[in-house]
Amino acid sequence: MASTRLETVIEAGLCSGCGLCAAIMGPERATMDLAGAGYLRPQLAGPPTPEQDAVIAEVCPGSQVMLPQGGDGLGAPEWGPLLAVATGHAVDDGLRRQASSGGALSATLNHLLSSGQAEFILQVTASDGQPWLNQIVRSSSPGDVRQASGSRYAPSAPLEPIVRCLAEGRRFAVVGKPCDIAALRAYARHDSRVDELVVAMIAFMCGGVPSETGVRQLLKRMDAEPSQVTAFRFRGDGWPGMVRATLADGTGRTMSYHDSWGGVLSKHVQLRCKICADGVGMSADLVFADAWYGDAAGYPLFEEAEGRSLVLVRTEKGKALAAAAEAAGQLATHPLPAAEIDAMQPYQLRRTRLTLSRLLAMRATGRPTVRYKGRSLAAFAAAAGLMANVRSFAGTLSRAVRNRL
Ligand SMILES: Cc1cc2nc3c(=O)[nH]c(=O)nc-3n(C[C@H](O)[C@H](O)[C@H](O)COP(=O)(O)OP(=O)(O)OC[C@H]3O[C@@H](n4cnc5c(N)ncnc54)[C@H](O)[C@@H]3O)c2cc1C
Ligand code: SF4
Ligand code: SF4
């Protein structure tokens, strides 16, 4: 029986795997490890102290998420605070090709390093020992940033070392999933070093994190024996590019982005992601995503093209950073009418609007849920229409009753 908020979050399956609780509790009391179905979860040597649990209750994205107000008017409120919207790409053609979309995110990181604003970037890259998984790195050169570029559809806990990084007193930037960044922004209210030392909080739009089990199933479908895999990329080398496993005998296995995500990985996304009203990174300074081209009906096409990132500017800090990266010749951007995000990211719009109905269905079965503050989930839900909400409520309720969430 859970006695702390942290244990309630873990037991209810609400953890998104950000790693902040482990950072707050310290490595002797909590570490992040793959657990159960293959998601990164805190492994506790004992419960948090009451003081630690009070902080965790406010910063853990499985407990509470603040959806910041303001910056409305440039698009649907589901997109969060927006000062500007653009498409963009890295000016360096090699980086643009290797990165996930257009490499705009990595180009911005390169500017943070080359301008001296950041001494290192806390980010995620392929694991040395198991390249289909992730590890956390501190990048301090363009080579490091390039190495870490690309989306990695596997568990990551980029905040696990954050307290150690803050203790060093050096300036750095953080790249994370929207829930990681929401957690870090909330933690800034408890630790003044965050605002002093974290020069930029950068997120990518996130449709959800699959488990290691899902990634292993992908390897199996690709006929790639894990012990023989020496390198693994989920996409990139084109846009969207292919999943690519390199084997010890020098051969490679590939699968399309569409087949890997739609056919395998999306079926292994953790519960927390299905009730995520902030997959768009409302707390970040800058958010990057895929600026998909649409078909005649307005739905995204996933056909190969020259890489193009979507760039959402949320704060004055983010605005100055994007402008400086462009002036320094690292980043190229083109303004985009905010209304076009709706057609590029229909999944995000739908999930944000249906979050309330899913939360209500979970509560109806007595389950704990995430508290969202700052913006009205009811207003988002209204935009989806009555029938969509009823169907979503009924579907979640039926899965909850059958313990199939
Ligand atoms: C799990 C996941 C879900 C995503 N869902 C969506 C979506 O719904 N819609 C959408 O438009 N885009 C989504 N993306 C993001 C998208 O694929 C691109 O990362 C984004 O478009 C930026 O492209 P870029 O070329 O500018 O980034 P790049 O220059 O390639 O930089 C990518 C950055 O993301 C970091 N990163 C990669 N994987 C992880 C991870 N698992 N955890 C933490 N950091 C990581 C890298 O360290 C690097 O800094 C998702 C990415 C991931 C990893
Ligand atoms: S979401 Fe983050 S802070 Fe919350 S339990 Fe999981 S790892 Fe800990
Ligand atoms: S979908 Fe939401 S909760 Fe899940 S990993 Fe992405 S940002 Fe975090």
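(A) Local environment of the site of ligand 1. In the vicinity of ligand 1, 34 residues are found, and the nearest of them are Ala99, Ser106, Ser156, Gly207 and Ala289. Among the secondary structure elements, those contributing two or more residues to the shell around ligand 1 are α5 (104-114), β5 (120-126), β7 (172-176) and β12 (286-290).

(B) Up close: the pairing of β5. Of all seven residues in β5, five are buried; the element is thus mostly enclosed. By the bridge criterion, six bridges tie β5 to strand β6 (residues 134-139) in an arrangement that is antiparallel. The partner of Gln123 across the bridge, within β6, is Val137.

(C) Seen up close, the site of ligand 3. Near ligand 3, the surroundings consist of Ser16, Lys177, Pro178, Cys179, Cys206, Gly208, Val209, Arg272, Cys273, Cys276 and Gly279. Counting only elements with at least two residues in the shell around ligand 3, the list comes to α8 (178-187) and α12 (271-274). Among the residues making up the shell around ligand 3, the classes are represented as six nonpolar, three polar and two charged.

(D) A look at the packing of helix α15 (residues 346-364) against helix α16 (residues 377-384). Interaxial distance between α15 and α16 falls to 7 Å at its minimum, and their mutual angle equals 110°. Considered as vectors, α15 and α16 are oriented roughly perpendicular to each other. The interaxial crossing formed by α15 with α16 has left-handed handedness. In contact with Thr352, Arg353, Leu354, Thr355, Leu356 and Ser357 of α15, α16 contributes Leu377, Ala378, Phe380, Ala381, Ala383 and Ala384.

(E) Structural context of the pairing of β12. Most of β12 is tucked away: five of the five residues are buried. The sheet contact formed by β12 and strand β13 (residues 309-313) spans five bridges and is antiparallel. Bridge assignment links Asp290 to a residue of β13, and that residue is Ser309.

(F) Main features of the nonpolar core. Among the nonpolar cores identified, the biggest contains 98 residues, and Leu20, Ile121, Ala173, Ala183, Ile202, Leu286 and Val287 are the most heavily contacted of them. Looking at which element gives the most residues to this core, the answer is α8, with seven residues. Discounting residues that sit within four places of it in the chain, Ala183 has contacts with Cys18, Leu20, Val59, Cys60, Pro61 and Leu159. Ranked by size, the runner-up nonpolar core spans 18 residues in total, among them Ala126, Tyr153, Val264 and Leu265.

(G) Representation of the sheet that holds β6 in the model. One open sheet accounts for eight strands, arranged β6-β5-β7-β8-β12-β13-β4-β14; its pairing is mixed. Every other strand in the sheet has two partners, leaving β6 and β14 (331-335) as the edge strands with one partner each. Neighbour to neighbour, the strand axes of the sheet diverge by 30° on average, direction disregarded. Sheet topology note: the β7/strand β8 (residues 198-204) ladder contains five bridges and is parallel. Bridged to Val175 within β8 is Ile202. Taken strand by strand, α8 contacts β7 and β8, and its axis lies near 150° from that of β8.

Thresholds applied
Residues numbered from 1 in each chain as written. Chains lettered and ligands numbered in written order. Predicted model: local features only at pLDDT ≥ 70, side-chain atom pairs only at ≥ 80, totals over all residues. Near = placed C-beta within 6 Å. Helix = DSSP H or I, 4+ residues; strand = E, 2+ residues; numbered from the N terminus. Buried ≥ 20, exposed ≤ 12 C-beta atoms within 10 Å, placed from the backbone. Pairing = 2+ DSSP bridges. Nonpolar A, V, L, I, M, F, W, Y, C, P; charged D, E, K, R; others polar. Axes fitted to C-alpha atoms, helices over the stretch in contact; angles between N-to-C directions. Parallel < 35°, antiparallel > 145°, perpendicular 65-115°, else oblique. Left-handed = near helix turned anticlockwise from the far one by under 90°. Contact = placed C-beta atoms within 7 Å. Core = buried A, V, L, I, M, F, W, Y, C linked by C-beta atoms within 7 Å.

Everything listed is a geometric property; what it means functionally is a separate question.
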